[in-house]
Amino acid sequence: MADYIPTNARFVNPYHFIELVRQLEEKFKYQDRKAEGNLTGWLECTLKTKSSIFIPNATSVKEDKEGNKYSDVFEIKSDKEQKIVNSYDFYSYTNLAGVKKPPEPVPVIPGSEIRGMIRSAYEAVTNSCLSTIDDEQILYKRVQYKADCGPARLICKNGNWKLEFCEERIGIAFRSTPGDRHNFASFINTLNEGERVFIKKGTKYKVRGRYPAFTVVDDIQKNKAGHDYVEGFFHKGEPFGNRKHHESIFVPTGKMVDIDKTAVKNLLENFKLYRDKTVNLHLKPRKGSPKQHSGYRHIGKAENLEDMDGKLVYCTKRGNRYYLCPAAIGREVFHNRLTNLIHESYRPCKHIDHLCEACALFGVVGTKKEVESQKRSAASRIRFTDALTQPGHYEFDHPKTLLELASPKLSATEFYLKDPQNAELWNYDYAGSWGRNAKGKADNRKWNDLENYTPEIRGRKFYWHQKDADVEHKGELTERNVHVRPLKSGIFSFKVYFNNITEEELHKLLWVLEIGGKDSHAHKIGMGKPIGLGSVQIRVDTIKLRDLNLVDESVQYKIDDTYEKPDYSEVEKGKFPHQKIVEQFLRITNFDDAPVNVSYPYNEAVICEETPDGKSPTYQWFGANKQIQETDGTGTAPVIYKALPKWDDEHFPELPVYKAQE
């Protein structure tokens, strides 16, 4: 596996994080906050695009026989595989179910999109809770190093879970090779995963490269055939192309340890991830590769905790925690969840008598159980209408295929977590460094835990603006692409209704909507934010207050449109709790002073059909970032070279482009 070196080229990652200030802000009782609010009325606003934007019309979405959701309003197919490329038109009030090649729509920006955008900004500058954090979201990461505790068998006795360790890998050949002339394919075909067998051990099979030699099976029977036969359990892995020639036999050593139920639950989640086609992309057929990953379906049921009894796994130990996986080099599911990693003040608000500033204004809704038991339901005191436009006030771009969009990758811990500084590798559970071998290279057999490591997330994710970004895909089309009709420019009108809010809340809301009235700043909305879509600017044209009074037994309805906007500099410096947060928000929302080299991470690549721009796929950068020559990191003992840079008042957070060492 190649070593990599940095080039002089630099890029700015599409997103950065506004920091979390670990301070318990004031909490509010919903009814008290509502009673204090004496302002009711609405804001009349104008939204103007600063770049092309795209919001999909989801009425075109349908489902195939396998449960895959897709949309094909423009009937686009991939070049080679001839598979459907998802295609969407811009959001409108037109139902596109069953419609092909729709006429140009009258665009609409849903109020829910504007609300979500403004709430995220409001939460950030007021240092409120992280309302969208999923308490139960599974955190996981593919690893590049071999499980250091080796193979084991998972056993449940009287509700208690144990690991029964097995000998280092013993391979059973399903095709002959120069190093092992045996071929047990016909016998293997009669075996089920985890089935008990008896084997006679043979010689060592020498493996090229960094992988250690392993013992091979000389003979195998379903019943013991002599004193030199030992008991084992058959484990079948996934296809690995033409390079694979052995399956495995797990031979117990008699050594057992107790294991926490959380580790077993995580194994169950791991199997579910392997069977999820949105996570395990190898489940999808690929041209020229007939043997695909099955998601370990051959191991049998993996739906409930009791299904894990008897499973054959590979295990890694870090500190006092075990990580289980069906592959020697596979995926770890972490014990921590996101809510374990944030200060209690940032956890989603649970009770209407203890709300952060954003939840007290925007409201909070929980599950039925939460609403009944914890009173987790507070109505929003503001409402956003859809943003509408008129003919002549908008212009569409031609339908185009966007550059590939990547889903959020929490597994990129060098970006999502704070750098612990004195570690070579870190994630949501542990951090540490590798020992070194005789040649000075990182050795995956020598791991040293960093003591007292506390993982911390970086903060709230926001996207940089990109002026004049070319968002169109120019290479071969694949099913990973999306074909859309973007809105090139547009001017929209919408309203924000408010009910029983305080003057301070109104002033902060106005500041967030207009980003302090600064002409150079803008929000980001809709799809394609990482590649340059979505920049919009909002201006409040009119503030109208409604007053209801009972006069002579009749209701008097009065509208006052003389209310003036506050001095935004006073709001900015005196009303928000942390100036540092406001400064970071202003930095990343500055459209005029945006970085010019925003890009997904990439390495230098040879220009060809698959990489017409000379940029490698994003995942290759993350691999190279752990194999830089000067860190002595390797493919099987990765060392993080660069983490996402911290905020710098003078420079943008640039990262290097890599290339393989010649």
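Everything below is about the structure shown above.
Quick look at the structure, then. (Residues numbered from 1 in each chain as written. Predicted model: local features only at pLDDT ≥ 70, side-chain atom pairs only at ≥ 80, totals over all residues. Heavy atoms only, no water.)

1. Quick notes on the overall build of the protein
Heads up, the condition is: Each helix is a run of DSSP H or I of at least 4 residues and each strand a run of E of at least 2, with the numbering of both proceeding from the N terminus. Atoms counted for the radius of gyration: C-alpha only. Globule rule: 2.2 Å times the number of residues to the power 0.38. Each residue is assigned to one of three classes by its accessible area relative to the maximum for its type, calculated with a 1.4 Å probe on protein chains only: buried under 20%, partly exposed between the two thresholds, exposed over 50%. The contact criterion used throughout is that any non-hydrogen atoms of two residues lie within 4.5 Å. Areas reported as accessible are Shrake-Rupley estimates using a 1.4 Å probe. Residue values count occlusion only from the protein chains shown.
When you go through the protein residue by residue, the secondary structure sums to eleven helices and 34 strands. Taking 662 residues into account, the globule formula puts the C-alpha radius of gyration at 26 Å, and the protein, at 29 Å, falls close to it. Along the first, second and third principal axes, the C-alpha atoms of the protein reach 105 × 55 × 50 Å. Across the 662 residues that make up the protein, the buried fraction comes to 51%. Counted over contacts in the protein with a minimum sequence separation of 6, partners at least 24 positions apart contribute 74%. Carbon and sulfur atoms make up 46% of the accessible area of the protein, which amounts to about 32,600 Å² in all.

2. Remarks on the sheet that holds strand 18 (residues 321–325)
Note: strands within a sheet are paired through backbone hydrogen bonds, in either parallel or antiparallel orientation. Convention followed: A pair of strands counts as paired when DSSP detects no fewer than two bridges linking them. What counts as an axis is a line fitted to C-alpha atoms, over the stretch in contact for a helix, and the angles between N-to-C directions run from 0 to 180 degrees.
With antiparallel pairing, five strands are arranged side by side in an open sheet as 16-10-9-17-18. Two strands in the sheet have a free side with no partner beyond their single neighbour: strand 16 (252–258) and strand 18. The sheet shows a mean angle of 45° between the axes of neighbouring strands, direction not considered. Relative to strand 16, strand 10 (residues 160–166) runs antiparallel, the two being bridged by four bridges. Bridge pairing links K162 to D258 in strand 16. The strands that helix 4 (residues 261–274) touches are strand 9 (151–157), strand 10, strand 17 (312–318) and strand 18; relative to strand 18, the one it contacts most, it runs at about 30°.

3. Observations regarding helix 8 (residues 503–514)
Operational definition: A helix is expected to span 1.5 Å for every residue after the first.
Spanning twelve residues, helix 8 covers 17 Å between terminal C-alpha atoms, matching the ideal 16 Å at 1.5 Å per step. Across the twelve residues that make up helix 8, a large majority, ten, are buried. Buried residues of helix 8: E505, L506, H507, K508, L509, L510, W511, V512, L513 and E514, and no others. Of the residues flanking the end of helix 8, it is I515, one or two places downstream, whose phi is positive at about 45°.

4. Comments concerning the packing of aromatic side chains
Heads up, the rule is: Pairs were defined over the aromatic rings of Phe, Tyr and Trp, the Trp ring being its six-membered one, requiring ring centres within 6.5 Å. Orientation was assigned from the angle between planes: stacked under 30 degrees, edge-to-face over 60, tilted for the rest. For a lysine, the NZ atom is tested; for an arginine, the CZ atom; a charge sits over a ring if that atom is within 6 Å of the ring centre and within 35 degrees of the ring normal.
Applying the stated criterion to the full structure yields 32 aromatic pairs. Pairing Y430 with W447 gives two aromatic rings, centres 5.9 Å apart and planes at 80°, and the pair type is edge-to-face. Separated by 17 residues along the polypeptide, Y430 in the loop between strand 25 (425–426) and strand 26 (431–436) and W447 in strand 27 (residues 442–449) bring together distant segments of the chain. Residue W447 is classed as buried on the basis of its relative accessible area, which comes to 15%. Among the aromatic residues, ring-to-ring pairing joins F11, Y15, F17, F415, Y416, Y463, Y602, W621, F622, Y641 and Y658 into one connected group. Lying across the ring of F396, R485 places its NZ or CZ 5.8 Å from the centre.

5. Considering the packing of helix 2 (residues 111–125) against helix 8
Quick reminder of the rule: In this scheme, a crossing is called left-handed if the near helix is turned counterclockwise away from the far one by less than a right angle; it is called right-handed if the turn is clockwise. All amino acids are sorted into three groups, where Ala, Val, Leu, Ile, Met, Phe, Trp, Tyr, Cys and Pro are nonpolar, Asp, Glu, Lys and Arg are charged, and the leftover types, Gly among them, are polar.
Contact pair helix 2 / helix 8: the axes reach a minimum separation of 10 Å and the direction vectors enclose 115°. Considering only the axes of helix 2 and helix 8, their crossing is right-handed. Counted together, I118, A121, Y122 and V125 of helix 2 and E505, K508, L509, W511, V512 and L513 of helix 8 form the full contact between these two elements. By residue class, the composition of the contact of helix 2 with helix 8 is eight nonpolar, no polar and two charged.

6. Section: the environment of H651
Position of H651 relative to the elements: it lies in the loop between helix 11 (618–624) and strand 34 (654–660). Taking relative accessible area as the criterion, H651 reaches 47% and is therefore assigned partly exposed. Residues H651 and P595, spaced 56 residues apart in sequence, show a C-alpha to C-alpha distance of 9.4 Å.

7. Some thoughts on the nonpolar core
What counts is decided by this rule: To qualify as a nonpolar core, a set must consist of buried Ala, Val, Leu, Ile, Met, Phe, Trp, Tyr and Cys residues joined through side-chain atoms within 4.5 Å.
One finds L43, I114, I118 and W511 to be the most contacted residues of the largest nonpolar core, which totals 123 residues. Considering each element in turn, this core owes the most residues, seven residues, to helix 2. Once residues lying within four places of it in the same chain are set aside, the contact partners of I114 are L47, I109, F384, T385, A387, F494, I525 and I538. Counting 23 residues, the second largest nonpolar core, distinct from the first, contains A152, L163, I259 and A302.

8. Comments concerning the pattern of salt bridges
Operational definition: Salt bridges are defined by distance alone: a side-chain nitrogen of Lys or Arg within 4 Å of a carboxyl oxygen of Asp or Glu.
Going through the model one piece at a time under the given rule, you end up with 34 salt bridges. In this structure, K222 and E195 form a salt bridge, with 3.6 Å as the shortest nitrogen-oxygen distance. Placement of the pair is K222 in the loop between strand 13 (214–221) and strand 14 (230–235) and E195 in the loop between helix 3 (185–188) and strand 12 (196–205), with a sequence separation of 27 residues. The exposure class of E195 is partly exposed, given its relative accessible area of 21%. A cluster of three or more residues bridged by salt bridges with shared partners is formed by R33, E36, R381 and E505.

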